[in-house]
Amino acid sequence: MSGMMNYLLVIVLTLCPFCCVTSSSHDRINAFEPYFLQIIDGDIEFLDTHCRSSNDDFGNKTMTIHSAFSWKFRRNIGETTRFVCTFWWKTADGLIYKETEFDVFNQQVGDECGKNLFRTNRCFWSVTQSGFYFAKGGPSNWMFKHSW
């Protein structure tokens, strides 16, 4: 092997631990900004959700007032990570009163939530009767983002 090839091999092997990490739920995850995303039922008695990405599907979740579910992930190298959620506000007898679907995480939401490589960027969505509110860092200082 030539000197230049040895040099490139050393660089690749040195940087490799910073490019990928192993996870029990994924074969390989790019070591870009870590995120924590939480969906909170603010005030809807009968709320069902279904959140998914191209790699993960969290299935249907039945939520109660003030309940929450969350997940952790990392943005991919192209910053095309996208999580879509469908929300169903139901009546007491299980009929759909309102329904909507939108990106709870995409490049724009990720940029707004933060791009810290060394600390987890925390994103929150509160689902309320008046719509969907977003907060970063912690579940406070809510900003209205989406209507039913």
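Scope of this entry: the structure provided in the associated data block. (Residues numbered from 1 in each chain as written. Predicted model: local features only at pLDDT ≥ 70, side-chain atom pairs only at ≥ 80, totals over all residues. Heavy atoms only, no water.)

### Looking at the nonpolar core
Inside soluble globular proteins, nonpolar side chains tend to come together where they are buried.
In step 1: Within the largest apolar cluster, 25 residues are counted, with the highest numbers of intra-cluster contacts made by Leu 37, Ile 39, Trp 71, Phe 87, Val 104 and Trp 125.
In step 2: Contributing elements (two or more residues each) for this core: strand S3 (34–41), strand S4 (47–52), strand S6 (68–74), strand S7 (83–90), strand S8 (96–105), helix H2 (107–113), strand S9 (121–128) and strand S10 (131–136).
In step 3: With four residues, the top contributor of residues to this core is S7.
In step 4: Aside from chain neighbours lying at most four places away, what touches Trp 71 is Tyr 35, Phe 36, Leu 37, Ile 39, Cys 51, Phe 58, Phe 83, Cys 85 and Val 104. (Core = buried A, V, L, I, M, F, W, Y, C linked by side-chain atoms within 4.5 Å. Buried < 20%, exposed > 50% of the residue type's maximum accessible area, 1.4 Å probe, protein only. Helix = DSSP H or I, 4+ residues; strand = E, 2+ residues; numbered from the N terminus. Contact = heavy atoms within 4.5 Å.)

### Looking at unusual backbone geometry
Most peptide bonds take the trans configuration, and most residues that are not glycine carry a negative phi.
In step 1: A positive phi is found at Glu 79, a non-glycine position, where the angle reads about 55°.
In step 2: Along the chain, Glu 79 turns up in the loop between S6 and S7.
In step 3: At Asn 141, a position not held by glycine, the phi torsion is positive, near 55°.
In step 4: Its place among the elements puts Asn 141 in the loop between S10 and strand S11 (143–146).

### What about the pairing of S10?
In step 1: Bridge count between S9 and S10: six bridges; the pairing is antiparallel. Bridge pairing links Phe 124 to Ala 135 in S10.
In step 2: Taken together, S9 and the strand that follows it, S10, pair antiparallel across an intervening segment of two residues.
In step 3: Pairing geometry for S10 and S11, over three bridges, is antiparallel. Residue pairing for S11: Phe 134 is matched across the bridge by Met 143.
In step 4: Here S10 hands over to S11 after six residues, with Gly 137 in that stretch at a positive phi of 85°. (Pairing = 2+ DSSP bridges.)

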